[in-house]
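Residues per chain, in single letters:
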Amino acid sequence: MAKKDIIELIEAERRVFRTARQSGDRALAWTALEREHILGQGFFGPHLRSHMTMLGYAVETRDGREVLGQVIRLSLAPLGNLTGRLPWGSTGRANVSAFAPMPYPDDLSEVLTISSGEAR
């Protein structure tokens, strides 16, 4: 899949997050942020933005564990992108390893493939 197509999917997840956040649906908001992370982690800017948004939402929802987890991930993400050593498929949340890959959700595995450390 072309980068522009993945960016469009990332933006769609951001819209889902904003709508869920406004309606108070925390579970859906976090799911949308996780999906945004999965889609964007192969791209430096979108990857960092997903963690910054997660950090902001964790602060907003007063989730101390998630705040700490996102601070750590914000420090690790640039190095991961620069070296290509990323835990592909990770949701990016504090409740999962910052180093272990995860399987893609079924619908995203259809649009993402990993080759040479890049999301395509």
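Coordinates for the structure precede this section.
In short, a report on the structure. Note that residues are indexed from 1 along each chain, following the sequence as it is written. Residue-level local features of this predicted model are given only where pLDDT is at least 70; pairs of side-chain atoms are given and counted only at 80 or more, and the full residue set underlies all totals for whole chains, interfaces and linings. No hydrogens and no water enter the side-chain calculation; it runs on all heavy atoms of the structure.

## Some remarks on the overall build of the chain
For the purposes of this entry, the term helix denotes a DSSP run of H or I that reaches at least four residues, the term strand denotes a run of E that reaches at least two, and both are numbered from the N terminus. Within the chain one finds five helices and two strands. Counting from the amino terminus, the chain carries its helices and strands in the arrangement α-α-α-α-α-β-β. Against the compact-globule benchmark of 14 Å for 120 residues, the chain has a radius of gyration of 13 Å, which places it among compact chains. Dimensions of the chain, computed from the C-alpha atoms along their principal axes, are close to 40 × 25 × 20 Å. Each of the 120 residues in the chain was classed as buried or not, and the buried ones make up 42%. The long-range share in the chain, meaning contacts at least 24 apart out of those at least 6 apart in sequence, stands at 57%. For the chain, the computed accessible surface area is about 6500 Å², with 57% contributed by carbon and sulfur atoms. Mean positive and mean negative side-chain charge positions of the chain (15 and 14 charges, respectively) differ by 6 Å. In this description the radius of gyration comes from C-alpha coordinates, and the expected globular size is given by 2.2 Å times residues to the power 0.38. Buried, partly exposed and exposed residues are distinguished by accessible area as a fraction of the type maximum, computed with a 1.4 Å probe on protein chains only: under 20%, between the cut-offs, and over 50%, respectively. The contact criterion used throughout is that any non-hydrogen atoms of two residues lie within 4.5 Å. To be clear on the numbers: accessible area is Shrake-Rupley with a 1.4 Å probe, and residue cover counts the displayed protein chains and nothing else. Counting rule for charge: Lys and Arg are taken as positive, Asp and Glu as negative, and neither His nor the chain ends is counted. To locate a charge, the coordinates of NZ of Lys, CZ of Arg, CG of Asp or CD of Glu are taken.

## Some remarks on helix H3 (residues 44–60)
Within an α-helix, residues lying three or four positions from one another point in the same direction, as the helix has 3.6 residues per turn. Helix span, as expected, comes to 1.5 Å for every residue beyond the first. If you check H3, its first and last C-alpha atoms are 24 Å apart, about what 17 residues at 1.5 Å a residue would give, namely 24 Å. Regarding H3, the residues found buried are Pro 46, His 47, Leu 48, Ser 50, His 51, Thr 53, Met 54, Tyr 57 and Ala 58. Buried-residue contacts for H3 involve helix H1 (3–23), helix H2 (26–40) and helix H4 (64–83). Downstream of H3 by a residue or two, Arg 62 has a phi angle that is positive, lying close to 60°.

## Overview of the pattern of salt bridges
Salt bridges are defined by distance alone: a side-chain nitrogen of Lys or Arg within 4 Å of a carboxyl oxygen of Asp or Glu. Across all of its chains, the model carries nine salt bridges by this definition. Across the pair Arg 35 and Glu 13 runs a salt bridge whose closest N-O atoms are separated by 2.8 Å. One end of the pair, Arg 35, is in helix H2; the other, Glu 13, is in helix H1, and 22 residues separate them in sequence. An identical accessibility class is assigned to Arg 35 and Glu 13; each is buried.

## Observations concerning unusual backbone geometry
It is generally the case that most residues other than glycine have a negative phi and that most peptide bonds are trans. Here the phi dihedral of Arg 62 falls at roughly 60°; this positive angle occurs in a residue that is not glycine. Among the structural elements, Arg 62 can be located in the loop between H3 and H4. Taking relative accessible area as the criterion, Arg 62 reaches 79% and is therefore assigned exposed.

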